[in-house]
Every structure is written in structure tokens, then in C-alpha cells.
There are 2 protein chains.
Amino acid sequence: MESAIPASLLAMLDRRDAMSPAERQAFAGLPWRLQSFQDGAEIVPEGHRPTESCVLLRGFTANVRYLANGDRQLTAIHVPGDFFDLHGLFLKVLDHGVVALTECQVAMVKHEHLKRLAADHLRLVSMFAASIAREGALQRTWIVCMGRKDPVRRIAHLVCEMYRRLERAGGARDFQFEFPVTQAEIADLAGLSVVHTNRALQELRATGLMSWQGAEIRISNWASLVAFAGFDETYLGLQLDEQ
Amino acid sequence: MESAIPASLLAMLDRRDAMSPAERQAFAGLPWRLQSFQDGAEIVPEGHRPTESCVLLRGFTANVRYLANGDRQLTAIHVPGDFFDLHGLFLKVLDHGVVALTECQVAMVKHEHLKRLAADHLRLVSMFAASIAREGALQRTWIVCMGRKDPVRRIAHLVCEMYRRLERAGGARDFQFEFPVTQAEIADLAGLSVVHTNRALQELRATGLMSWQGAEIRISNWASLVAFAGFDETYLGLQLDEQ
DNA sequence: CGTAATGTTGATGATTATCAAGCCACGTGG
DNA sequence: CCACGTGGCTTGATAATCATCAACATTACG
């Protein structure tokens, strides 16, 4: 199935690093291929040599690494609008897989087209690099959480981050949002056992700063939750340095 | 102090993504500024808006994030030849500081010069992006270690990684190398207490797979250490995708 | 209505942080 | 040369944290 990338998505990609009209038009004109995936599907296999890059349109996906004993660790989580595969444009091999955490929809475009685009619009290469650098900032933040924050704060931090990122993507408002992710997936993200994740979640709910029932998260006291989690959102606001 | 970048360093930067003669010459011709730092010195402050990027010439440095309670977490460690600051070329603000883990020497070059260079040699922008993407792969690997590996394996993995990276940089041979880093710094890197780091190290030495006395690390059984740590080095070999 | 996936609970033992102290190597000043 | 201070390493004891196992409850869904 071949289709133009939805205008709403383009607006969202655009939000952070404003594209010029010419860039926007060239971007939207690429031969995007839309594809849907079921909950749990493997979107990109680990160790794959990618020939196209992906933008998440709907749902949640995550980077995943599997260990020999069957354990796995999620190293990043993506929200709609994320160009989650972009480093594959510069490196020959992907060091991780990408898995669908929910039913989701992805727009894919071949690297050859992105490269031709980049050759015509040089600033886009810098935008790509900035996007990759931003993902690095997310990962550094997660390393800090895993290394120096207890499980309750770790999950609280995740909630804060997801709210801000989804807000930007148009998927969150008024301190509430849908987050249809299982506790087992939270465990794989936070580096915890499922049982302990469950208890940490209960403890977090017991603070009264937020609720999380089913897929619905509601933050009742943003400022206190931020303080509790030690959430410093500067790492989310990093912008392309023009000139 | 203004000086040309040492030829040996250039050769090392070159090792991964071969530069053309023209690129190499342009690169070496930039107005590099050499600067030395004492053990523990802050090379780049957290939240800084950088105007230059840095290549580590000698010693060890690390990315660092400080928490409100005074704890800190190291999110990356750099070896000679690493362009540890490159994402600052694309983002306005650095989300982390850089600290000297040992006495070290750094070559710095202003962003304006790098950007002019990049405009003349477009492939260099891709090389920069690839370098940033590689750092992302290192970070993902560390997330996996922190989330799913016990402290002994975590440190074993660090030893494996440092050996391979130093080997490439010319700082390791015959399964031994100098690593003059304190246990407190290992603790901040691995997300452990100092006491537990010490005990994990003793346990690791007790396996007989390696020794670590003072600053001297000696790996006596590489294959077994790799197996024990679950070290899969594909993430280190990622190369720039040319076309 | 049955079945599987997800969430929850209790009990237990292993892991890890914390505190407090001592040890060792090294450099500095008397 | 020795006293002394400092920083890094090591040890023991204790308590908090976390994983694991084995249920059971709840929900989603065919």
C-alpha cells in the first residue's frame, strides 16, 4: 500500500524543527508506505540491515534487546511522530529490534529516497542528526533513572516523560492520557521484575499524585509528581542549533 | 595554545570511517586548540551551550548527570579518539556535563569551523551523524547492562567493552590495558554503591577470568569473560553506511 | 462460558545499600 | 627520616530492597 504521509503527522514532525515550505513539500512527496502491526509484532528485527526508515503514526513501539537467557530490555519507547529508525540511515546495521507495544501504524520510506531528499535539502541532514542526538538525550536520562532512582521514582519519571512527549504529539491533554502498556512491558523497560513493578505502581498510586487504571493515566498533581520523580524536562526541549 | 591536531589522532579518527585525502587534509587544517585537564576537572558543565566540540587525545572522560541529592550517574565513558561532544554541534544545549576521570588532554575546535568544513565536505555531516548514532548504540548497551545484568557481569561487560575500544584506539594490546579509574567512579557508572562495587570486583577477580590490580587490567580468558558478561560486540563495529 | 492474558497477593531468600571502621599507599611538611 | 593527613580500598554488620515462586483474582475476548 502506497500513500502520502498524513498532513497531521507532517505538522507534528515539523513542530520541533520548523521545515521550510520547500522542505515540507519534498518530504511529504516521498513515496511513503503505510503498514499496520499487531500488538507485540516485530517491526524491525534485531541485527537487521535496514533499507528504510520508519515514522510511528499511531500506537506505541519500543527498541528492544534480547539476552541469551530470554530476558529482554526495552531501551526506548516511541510515541506517534517519532522517527524511530533514523540512525539506520547512517549505520549499516541496527543494534536493536523494534517491537509494537500496542496495535500501531507506521509510515516507511526507503533510505534511497531519504538520501536523495537530503542531497537536495542539506539542512535536513542536520535535522536528522539532531533527531538522533535527541534520542541520545532520552537514553542518557533513562540510564540515570535506572542507575540512581528507585523503582517508584523511575516509573513516576516515565509517566512525566510520556505526558510531555504525548502532549507534543497531540496525544495528551489536561494531565491525562491513554497508555495501553502492560506491567510486564513496564518491567522490561524499567529493569524490574513484573511483581515488583506491580508493587511499585501501587505505591505510586498510593501517593495520590496520579492514578493509573487500565490504560488511563491521570496526573492529579503535576508539580509534586515532577518533584517526586526528579523530572527535569530540559532534555526534552533540545532544539536544532541553526547556524 | 593553538596547534595542529596530532597526526596519530587523525589516523585514529580515520580508522572507522575512512576519510578521503581532501577530507583528511581539511580536517587536520582546522584551528584546533589543545587543552589539558586535571583528574576530576569539569571539561564541559551540565546544561552548557557549547560553541566548540572536543576530541579526547589522552586519558579518560565521562558524561555525567547530577541529581538533586548530590548523587551522580555517569552515562558514558570516552577513550582517546572519541569525539565526545559532537551532538553539541546539532543541539543548542548539552543535557549532560563532561568530567575528566583522569588527567587528560583534549583538542577543541569551534563549531563555526566544523560547520564550514561540513558545508565543503558533505560526507562529513553523515560521518558526524554516524558518530552520534554509534554513541547511541553504546548507551543502549549500557541500559541493557543496568537493567538486566547483575553487578559482576555489568563490570565484566565494561571491561570487555573498554578493551575493544582501547584496542581500536591503540591503548590496549594482548588482553591487557591501563584503566586508572577509581572504584567510586565505576560505582557511578554502574549505578551501584562503592561498597558493593568493591565486592563485585572481588567476585569478578575470583572467577580467574581477569585481574585488576591498581590501574592494570589483564584478561586471562577472553572467550570465557565474553561469555560470562554476555558481551556481544556487534554494537561496537557499526560502520557508516556509504550509499 | 471457557480460556488466556493481565493484574494482584503472600511468603521466602537473595541481593544490595548503608553505616562504621580499619587498612594501605602516597605525598607533604616538620 | 618520620609524623600525619588524605584518598582509595576493604571488611563486617545490619536493614532495606528486590527477585522468585506459587497461588489467586480479574479482565478481555472468542
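Parameters at a glance
- Residues numbered from 1 in each chain as written.
- Chains lettered and ligands numbered in written order.
- Predicted model: local features only at pLDDT ≥ 70, side-chain atom pairs only at ≥ 80, totals over all residues.
- Heavy atoms only, no water.
- Phe/Tyr/Trp six-rings, centres within 6.5 Å; stacked < 30°, edge-to-face > 60°.
- Least-squares fit on C-alpha atoms with pLDDT ≥ 70 in both.
- Contact = heavy atoms within 4.5 Å.
- Domains from an automatic or database assignment.
- Buried area = accessible area lost by both parts, 1.4 Å probe.
- Pairing = 2+ DSSP bridges.
- Helix = DSSP H or I, 4+ residues; strand = E, 2+ residues; numbered from the N terminus.
- Axes fitted to C-alpha atoms, helices over the stretch in contact; angles between N-to-C directions.
- UniProt positions renumbered as here; feature names shortened; annotations may be inferred.
- Near = heavy atom within 4 Å.
- Polar contact = N/O pair within 3.5 Å; in protein donor to acceptor, adjacent residues only side chain to side chain.
- Salt bridge = Lys/Arg side-chain N within 4 Å of Asp/Glu carboxyl O.
- Nonpolar A, V, L, I, M, F, W, Y, C, P; charged D, E, K, R; others polar.

Novice: Where do I start with the packing of aromatic side chains in this structure?
Specialist: Each aromatic ring pair is summarised here by two numbers: the centre-to-centre distance and the angle between the ring planes. One pass over the structure, following the stated rule, counts 26 aromatic pairs over all chains. The structure contains a cluster of three or more aromatic residues connected by ring pairs, namely F60(A), Y163(A), F175(A), F177(A), F179(A), W212(A), W222(A), F231(A) and Y235(A).

Novice: What am I meant to see in the relation of the copies chain B and chain A here?
Specialist: The second copy of the chain is related to the first by a rotation about an axis and a shift along the axis. Of the transformation placing chain B onto chain A, the axial shift is 0.0 Å and the rotation is 180°, giving an RMSD of 0.0 Å. Here the copies are linked by what is in effect a two-fold axis. By residue overlap, the copies meet face to face through one surface: 100% of the interface positions of chain B are interface positions in chain A.

Novice: Sorry, what's going on with the domain arrangement of chain A here?
Specialist: As a measure of interface size, the accessible area lost when the parts come together is often cited. Residues and elements named next belong to chain A. Segmentation of chain A into domains returns domain 1 (7-123) and domain 2 (149-236). Between domain 1 and domain 2, the C-alpha centre-to-centre distance is 24 Å. On the domain 2 side, the residues contacting the 15 residues of domain 1 number 16 residues. A combined buried area of about 1400 Å² lies between domain 1 and domain 2, and 58% of that area is made up of carbon and sulfur atoms.

Novice: What is the right way to read the sheet that holds strand 8 (residues 172-173) of chain B from this model?
Specialist: Within a sheet, neighbouring strands are paired by backbone hydrogen bonds and run either parallel or antiparallel to one another. All names here are of chain B. In spatial order, the strands read 8-9-11-10; together these four strands make up an open sheet with antiparallel pairing. Only two strands of the sheet have a single neighbouring strand rather than two, namely strand 8 and strand 10 (210-213). One ladder, built from two bridges, connects strand 8 with strand 9 (residues 176-178); its direction is antiparallel. Among the inter-strand pairings, R173 is bridged to a residue of strand 9, identified as Q176. Running over the sheet, helix 5 (residues 151-169) touches strand 8, strand 9, strand 10 and strand 11 (216-219) and is turned about 90° from strand 9.

Novice: How do you make sense of the UniProt feature "domain: HTH crp-type" (unreviewed entry) in chain A when you look at a structure like this?
Specialist: The positions that UniProt labels "domain: HTH crp-type" (unreviewed entry) are, in the present scheme, residues 149-223 of chain A. Here residues 149-223 of chain A is 56% helix and 17% strand, with 18 Å between the C-alpha atoms at its ends.

Novice: For this particular structure, what's the right way to read the protein's contact with DNA strand C?
Specialist: By nearness alone, 14 residues border DNA strand C, and Q183(A), N198(A), R199(A), Q202(A) and H196(B) come closest of all. For DNA strand C, the backbone makes up 60% of the atoms found within 4 Å of the protein, where backbone means sugar plus phosphate. Take N198(A): an N or O atom from its side chain is 2.5 Å from a phosphate oxygen of DNA strand C. The contact in question runs from a phosphate oxygen of DNA strand C to an N or O atom on the side chain of S193(B), over 3.1 Å.

Novice: Help me understand the interface of chain B and chain A, please; the structure alone is not making it clear to me.
Specialist: Counting residues at the interface gives 48 residues for chain B and 48 residues for chain A. Each partner contributes to the roughly 4200 Å² buried at the junction of chain B and chain A, and carbon and sulfur atoms together form 62% of this total. Per-residue buried area on chain B facing chain A is highest for R140(B), I143(B) and R148(B); these three make up 20% of the total on that side. Between D188(A) and R148(B) there is a salt bridge, and its shortest N-O distance comes to 2.9 Å. At the boundary of chain B and chain A, one finds 16 residue pairs in polar contact (both at pLDDT 80 or more). Going through the elements one at a time, strand 4 (61-66), strand 5 (72-78), helix 4 (123-148) and helix 6 (183-190) of chain B are the ones with two or more residues in the side of chain B that touches chain A. It is helix 4 of chain B that contributes the most residues to the side of chain B that touches chain A, 18 residues altogether. Partitioned by chemical class, the residues of the side of chain B that touches chain A number 22 nonpolar, 13 polar and 13 charged.

Novice: I keep staring at the environment of T51(A) and nothing clicks. Help me out?
Specialist: Tracing the backbone shows T51(A) in the loop between strand 2 (42-44) and strand 3 (52-58). When sequence neighbours within four positions are dropped, the list of residues in contact with T51(A) reads K110(A) and H111(A).

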